[in-house]
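# Report on the structure
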Amino acid sequence: MHSKSLSKTVRARAPLRLGLAGGGTDVSPFSNEFGGFVLNVTIGKYANVTITPRHDGLVELIAADRELSWKGAVNEALPSTRGLELHAGVYNRIVKEFEPNEPPSISVVTHSEAPPGSGLGSSSTMVVALVEAFREYLTLPLGDYDVARLAYEIERIDLGLAGGKQDQYAAAFGGLNFMEFYEDKVIVNPLRIKPEHRAELESSLVLFFTGVSRESANIIKEQVQNVKTGNQTSLRAMHELKAEAVHMKEAILKGDFEALALAMRKSWDAKKRMAQLISNEKINEIYEAAMREGARAGKVSGAGGGGFMMFIVDPAKRPQVIKCLSEFSSSVSTCMFAEHGAHSWRVT
């Protein structure tokens, strides 16, 4: 039924995201019981996928950036191979749901512009990029919400990987969004901000890579456990995070950068109370050094324990903050926002 579409190579990419506020409230059971609010923005770093048709009855999965590969006969259920779980998981779900006749013989090659554990949603973004590539390759009738929901189900249900929902929706939709998470629905509200406010926000950001986080799965488990056992300190912190996501949204819409910095500082204080592993001595030391040099606020993007930190800085003071952070590591950068979410195209 898809013979016409199977003759072309397809590429897809999906943007990584910065979690500005509310991250963690999108994780169930908190989001199911109380509703979660998250503010995030996608940036010009991507998860990339290429699907090429084969004519030998084999399937090949390659993570080019990690030098991992697997090849085997076409099957309705590919085996899970270490480091290629996401590739096999997406292939298996797509075949099960959309290809009742014959699983495709293809090569799937991926690479990400950020490592797993970066706190930029790299794993979920890769799943979205994979789903988007299959959507194009098999001409599947999927909209942005469908792509995000399918990616969420593959990662969290099919593969049993811990985490929330914001990353899949950020990658699918792109841009600056205020997202609401409930038990049976997700609402993505794109924020229309003035070009000068967007430019000021981009000019105010500094990203610092602390190193890959080994803690995120444990942090998420602790958060889930804290909600299940009714840990009041953690629950209060999560409700504060929700409130600060609303405050930060309002501040961005008004272009009030004082209020934005205040909301981020409060948000980071609340986030650290959600689970013990979110911050550590190294993260605290980096944060305090940046604040001394003129940063107005900062936080870890993602679950915590490592990955990327972001700082809001007076643009005039950005060079000195970058210089100070460079003494901890060479991995300091600025970033531009990505306007668009996951998209795919055929290579002619």
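Our subject is the structure that appears above.
Residue positions within a chain follow its written sequence, with the count starting from 1. For a predicted model such as this one, the threshold for reporting local features is a pLDDT of at least 70, and the threshold for listing and counting side-chain atom pairs is 80 or more; totals across whole chains, interfaces and linings nevertheless cover every residue. To obtain the side-chain values, all non-hydrogen atoms of the structure were included, while hydrogens and water were left out.

## A word on unusual backbone geometry
As a reminder of what qualifies: Where helices and strands are cited, they refer to DSSP runs of H or I of at least four residues and of E of at least two residues respectively, numbered from the N terminus.
Put simply, S28 and P29 share a cis peptide bond, and its omega is 15°. Residue position: P29 is located in the loop between β1 (9-21) and α1 (30-34). If you check the backbone angles, E67 has positive phi at about 55° while not being a glycine. Secondary-structure assignment places E67 in the loop between β3 (58-63) and β4 (68-73). Despite not being glycine, T139 shows a phi value in the positive range, around 45°. Position of T139 among the secondary structure elements: in the loop between α3 (122-137) and α4 (144-158).

## Focus on the environment of R93
In plain terms, the rule: Burial here depends on accessible area, computed with a 1.4 Å probe over protein chains only, as a share of the maximum for the residue type. Under 20% is buried, over 50% is exposed, and the range in between is partly exposed. Contact between two residues is taken to exist if any of their heavy atoms lie within 4.5 Å; hydrogens are not considered.
With respect to the secondary-structure elements, R93 resides in helix α2 (residues 85-98). Residue R93 is classed as buried on the basis of its relative accessible area of 13%. Sequence separation between R93 and S344 is 251 residues, and the spatial gap between their C-alpha atoms is 19 Å. Every residue in contact with R93, bar those within four places of it in the chain, is listed here: L150, E153, I154 and D158.

## Topic: the side chain of T125
The line we're drawing: The definition of a polar contact used here is a pair of N or O atoms within 3.5 Å, where within protein one atom must be able to donate a hydrogen and the other to accept one, and adjacent residues in sequence count solely through side-chain atom pairs.
Within the secondary structure, T125 is located in helix α3. Judged by relative accessible area, T125 falls into the buried class, the value being 0%. For T125, the side chain forms a polar contact with the main-chain oxygen of G121, separated by 2.6 Å. Not counting residues up to four positions away in its chain, the partners in contact with T125 are A14, P15, L16, A47, L120 and A171.

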